[in-house]
Amino acid sequence: MKTHGVWLCALVFSSTLFLPSCSSTHSSLKEFENDVVLGKLIPQKNFGNFIDAKAISIDAFGNIYIADAGAPGVFKFNQHGDSLRAVIALGKEHDQFDEPLDLDASLTNSVAVADRNNNRIEMYSKDLIWQASIGGHESGSKIKFGYPLAVRAASAGNYFIIDGENKRALSIQPENSSQQVVTTSGTESGTEMNPVSITLAGNEFVTIADAASRSLIIFNNVYLPQARVRYADVQNVKLSSSENVIYALDKNAKVIRLFDGNDLSYKGSLAIPESANHVVAVFVYKNSYYILTKEKLVVCSKE
């Protein structure tokens, strides 16, 4: 599938930040100077009583899942904010966690949780019943990672994770116990990144916030760079997506920046409401903005 021309495109992409080659490239610094304000977020309600919330995901039915590293555990709410179930315990056994940092409920029948200090991805049903584990420190396994910082589930059955121990992005296929390193050159031996956040848009292209190049990078379905946008303060960015829109929560600027999920063209920004303090993540579902702080979830509409 990877022709000589595609590999040439990848090589050109990896050797330059700003020169347009086969992939689209945008300079975010200039675009942010002339920012487009897309509206105002109006808080409608808030709920939850978290200790140190880290991540949010919403399934196709509108159920809300929160990873709380302080509990430590995972909570499930309905759209009205009613608590439906929680799995809370410190430890190494199943139904126990040690600093859960991320989760993804996008697949129809499962919820994936990045259990950082246990070096694993835990798989649960939508009712938060444990189903399986993907271990990163299993003896004899070809899958090797540690301290997972983020996880995203793809419809093809693979999982994208940030391997915090080795500072790399991986595509893991548990069915055949294989993994692939995602690099900016498109080859395993190529230049790796220092990923700090990751998301998967509706087109199944993975977008990575890379601290090494201080940029956001979209990779296509064969893990070749599709587009890049320069982002100076990428260390403080938390990515999420809805359909083919990428949402970059900029914690320092206290704004949500919107990018096209195909080419990372910049759409504009939304200011985080002043009442939302210690914001850690944002999730957009059916035109509502779910702003997660360390202590609560603030649900907003856009004016």
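Structure report, in brief. (Residues numbered from 1 in each chain as written. Predicted model: local features only at pLDDT ≥ 70, side-chain atom pairs only at ≥ 80, totals over all residues. Heavy atoms only, no water.)

1. Focus: the overall build of the protein chain
Within the protein chain, the regular secondary structure consists of two helices and 25 strands. Expressed as a percentage of the 303 residues in the protein chain, the buried residues total 53%. Across the protein chain, contacts joining residues at least 24 apart in sequence account for 47% of those joining residues at least 6 apart. (Helix = DSSP H or I, 4+ residues; strand = E, 2+ residues; numbered from the N terminus. Buried < 20%, exposed > 50% of the residue type's maximum accessible area, 1.4 Å probe, protein only. Contact = heavy atoms within 4.5 Å.)

2. Thoughts on the packing of aromatic side chains
Tallied over the full model, the rule gives eight aromatic pairs. With a centroid separation of 5.9 Å and 35° between ring planes, the pair formed by Phe-97 and Tyr-124 is classed as tilted. One end of the pair, Phe-97, is in the loop between strand S6 (83-88) and strand S7 (100-104); the other, Tyr-124, is in strand S9 (residues 120-124), with 27 residues separating them in the sequence. Summarising the burial analysis for this pair, Phe-97 and Tyr-124 share the class buried. Of the aromatic side chains, those joined through ring pairs into one cluster are Phe-47, Phe-50, Phe-75 and Phe-77. (Phe/Tyr/Trp six-rings, centres within 6.5 Å; stacked < 30°, edge-to-face > 60°.)

3. Considerations on the environment of Val-181
By the element assignment, Val-181 lies in strand S14 (residues 178-182). Classification of Val-181 by relative accessible area gives buried; the value is 8%.

4. A look at the sheet that holds strand S20 (residues 245-250)
Taken in spatial order, the eight strands line up as S19-S20-S21-S22-S2-S25-S24-S23 in an open sheet, and their pairing is mixed. On the outer flanks of this sheet lie strand S19 (237-242) and strand S23 (279-285), each paired with one strand and no other. Strand-to-strand twist of the sheet, defined as the mean angle between neighbouring strand axes without regard to direction, takes the value 30°. (Pairing = 2+ DSSP bridges. Axes fitted to C-alpha atoms, helices over the stretch in contact; angles between N-to-C directions.)

5. Thoughts on the layout of surface pockets
Sizing a probe to match a water molecule and rolling it over the atoms shows the empty space that remains. Counted as a void, the largest pocket has a volume near 770 Å³. Contributing elements (two or more residues each) for the lining of the largest pocket: strand S3 (53-58), S7, strand S11 (148-153), strand S15 (195-200), S19, S20 and S23. For the lining of the largest pocket, the residue count by class is 19 nonpolar, nine polar and nine charged. Of the volumes computed, that of the second largest pocket is approximately 380 Å³. Taken together, 15 residues line the second largest pocket, and the ones lying closest to its centre are Leu-101, Leu-149, Val-196, Lys-238 and Lys-251. Counting only elements with at least two residues in the lining of the second largest pocket, the list comes to S7, S11, S15 and S19. (1 Å grid on protein atoms, 1.4 Å probe; cavity = no way out; pocket = protein on both sides within 12 Å on 5 of 7 lines; lining within 4 Å. Points joined across faces, edges and corners; volume = space filled by probe spheres on them. Nonpolar A, V, L, I, M, F, W, Y, C, P; charged D, E, K, R; others polar.)

6. Details of the pattern of salt bridges
A full pass over the atoms with the stated rule returns nine salt bridges. Glu-99 is the partner of Arg-116 in a salt bridge, and the nearest nitrogen-oxygen pair spans 3.7 Å. Separated by 17 residues along the polypeptide, Arg-116 in the loop between strand S8 (111-115) and S9 and Glu-99 in the loop between S6 and S7 bring together distant segments of the chain. Arg-116 sits in the partly exposed class, given a relative accessible area of 23%. Since its relative accessible area comes to 26%, Glu-99 is described here as partly exposed. Here Asp-115 makes a salt bridge to Arg-120, at a shortest N to O gap of 2.9 Å. For the pair shown, Asp-115 and Arg-120 are each scored as buried. (Salt bridge = Lys/Arg side-chain N within 4 Å of Asp/Glu carboxyl O.)

7. Thoughts on the nonpolar core
Of all hydrophobic cores here, the largest spans 18 residues; its most connected members are Leu-216, Tyr-231, Val-234, Leu-239, Phe-259 and Leu-264. Listing elements by their share of this core, those giving two or more residues are strand S17 (215-219), strand S18 (225-230), S19 and S20. Ignoring any residue separated from it by four or fewer positions in sequence, one finds Phe-259 in contact with Phe-32, Leu-216, Val-229, Tyr-231, Asn-244, Val-245, Ile-246, Ala-248, Leu-264, Ser-265, Tyr-266 and Lys-267. One finds Ala-53, Ile-56, Ile-66 and Phe-77 within the second-largest nonpolar core, a separate group that totals 17 residues. (Core = buried A, V, L, I, M, F, W, Y, C linked by side-chain atoms within 4.5 Å.)

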